[in-house]
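# Remarks on the overall topology
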Amino acid sequence: MIWMLKALLPYALLAFAISVALYPLVRLLSKKTNCMDVPDERKIHTCPIPRIGGVMIFLSFIITALIYKRTNPQLVVLHKYFSELGFILSASAAFLLGFIDDIWGVRALKKLIIQILIGLAVAFSGLVIDNISILGAQIHFGVFSYAITAIWVVALLNAVNLIDGMDGLASGIMIISLCFTFCISILEGNYFVTALSGILIGSLLGFYIFNFPKAKIFMGDGGSYFLGAMYAMIAMMGMKKTSMAIMMAIPLVLLLIPIADVIYIAVRRTKRHQGIFSADKNHIHHRLLNLGFNTVQINFLMYLVCTVFGLIALLIALTGGKFGLLFFFLIICLVIAGFAVVRILEKK
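Now for a description of the structure that goes with this document.

Parameters and conventions
Residues numbered from 1 in each chain as written. Predicted model: local features only at pLDDT ≥ 70, side-chain atom pairs only at ≥ 80, totals over all residues. Heavy atoms only, no water. Helix = DSSP H or I, 4+ residues; strand = E, 2+ residues; numbered from the N terminus. Expected span 1.5 Å × (residues − 1). Bend = angle between axes of the 7 residues up to and from the residue. Buried < 20%, exposed > 50% of the residue type's maximum accessible area, 1.4 Å probe, protein only. Contact = heavy atoms within 4.5 Å. Polar contact = N/O pair within 3.5 Å; in protein donor to acceptor, adjacent residues only side chain to side chain. Axes fitted to C-alpha atoms, helices over the stretch in contact; angles between N-to-C directions. Left-handed = near helix turned anticlockwise from the far one by under 90°. Nonpolar A, V, L, I, M, F, W, Y, C, P; charged D, E, K, R; others polar. Patch = residues over 30% accessible without salt bridge, like charges linked within 9 Å, V, L, I, M, F, W, Y side chains within 5 Å. Areas by Shrake-Rupley, 256 points an atom, 1.4 Å probe, with all protein chains shown as cover. Salt bridge = Lys/Arg side-chain N within 4 Å of Asp/Glu carboxyl O. Core = buried A, V, L, I, M, F, W, Y, C linked by side-chain atoms within 4.5 Å.

### Quick look at helix α1 (residues 2-32)
- Along its 31 residues, α1 runs 45 Å from first to last C-alpha, staying within 8% of the 45 Å computed at 1.5 Å per residue.
- Roughly 35 degrees is the biggest bend found in α1, and it falls at L8, with proline P10 one to four residues downstream.
- Listed in full, the buried residues belonging to α1 are M4, L8, Y11, A12, A15, I18, S19, L22, Y23, V26 and S30.
- N34 sits one or two positions beyond α1 and adopts a positive phi of about 60 degrees.

Set out below in structure tokens:
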């Protein structure tokens, strides 16, 4: 593990340095093109802030990953059917969709269709959820594999995007999630995922120092969609040496709060006959703000919860998934209880 850390540290630092160096350029570009997030009744910030910070994350990651690949030609690819080009194109398409939405806006239905196409592109790149092992039983999805993979990618894209509603929240949660993914991939001997996670952590840290409250820049949809796509694919890449159920559970555990928030918002908006993708101030971080917590307190509360879930995910990996379903069920119960407590406090 130590040798891997030493080998990857220069590249993580390079990604960090490139991300930081891009900040003044991206900020200037935002102002020149008027890509500023202007405050309104549902926004927390009070002055216009650049909203294309995802460029910092995307470019620093791609540049560093290509350098790493060139200087490490012995890097083992996942399997013979995996297409690195398909992987890069899928991640780039996710970023471009969000970037275009940040600048010109994309209608919700068109956005969903493109997200599904990106999910299918991921599947055709060789990363397919074709089976799952539960309690020793192997379930094969057959012709539904591509559809299930697309749903998985779309779910992660929107989970990261919807939690990105507060300074430092989405970026901080993703850094923590990727740190645990980094550790788990080392334990699994999956150094391809380890390298991707380490470089992406460096890119995110460079952005995070400008995104923590009070934020000087936002990642925008470009950044959140890119991170969602990357995390969805990284989770599937972990299926090399671990059963499907365990590797699917790990990202679900790490991102359970945003995923639960997505489900809560979708149900709430459906009941009220609102569009599922319509904007409002009913996300968990908005509700905590209304209860009297400040931005920094909410961030650290969410970071703490994510860290606890990450430790449980690490335990799931260490035990080979023997008690994975039990742990996962207990965590879901805790999340439901947490949302219930917030609901009770809101009624008082």
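### What about the environment of S60?
- As for its placement among the helices and strands, S60 is situated in helix α2 (residues 54-71).
- What makes S60 buried here is its relative accessible area of 0%.
- Residues S60 and V20, spaced 40 residues apart in sequence, show a C-alpha to C-alpha distance of 8.9 Å.
- Leaving out residues up to four positions away in the same chain, S60 has contacts with A15, I18, S19, L22, V55 and S203.
- There is a polar contact of 2.6 Å between the side chain of S60 and the backbone oxygen of M56.

### Section: the packing of α1 against α2
- For the pair α1 and α2, the least separation of the axes is 8 Å and the interaxial angle reads 145 degrees. Every pair of crossing elements has a handedness; the one defined by α1 and α2 is right-handed. Of α2, the residues touching α1 (which contributes M4, L8, Y11, L14, A15, I18, S19, L22, Y23 and V26) are V55, M56, L59, S60, I63, T64, I67, Y68 and T71.
- For the contact of α1 with α2, the residue count by class is 15 nonpolar, four polar and no charged.

### Notes on a nonpolar patch on the surface
- A grouping of L14, L59, I63 and I67 is seen on the molecular surface, where their side chains present a nonpolar patch of about 270 Å² in accessible area.
- It is α2 that contributes the most residues to the nonpolar patch, three residues altogether.
- Exposure remark for I63: the relative accessible area of 38% places this residue in the partly exposed category.

### As for unusual backbone geometry
- Cis geometry marks the peptide bond from P213 to K214, where omega comes out at -10 degrees.
- Mapped onto the fold, K214 is located in the loop between α7 (191-211) and α8 (220-237).
- Positive phi outside glycine occurs at N34, with the angle close to 60 degrees.
- Note on placement: N34 falls in the loop between α1 and β1 (36-37).
- The exposed category is assigned to N34, whose relative accessible area is 60%.

### Observations regarding the nonpolar core
- If you look at the biggest cluster of nonpolar residues, it comprises 83 residues, and the most contacted ones within it are F61, F226, M230, M233 and M237.
- The leading source of residues in this core is α8, at twelve residues.
- Once residues lying within four places of it in the same chain are set aside, the contact partners of F61 are L196, I199, L200, S203, F226 and M230.

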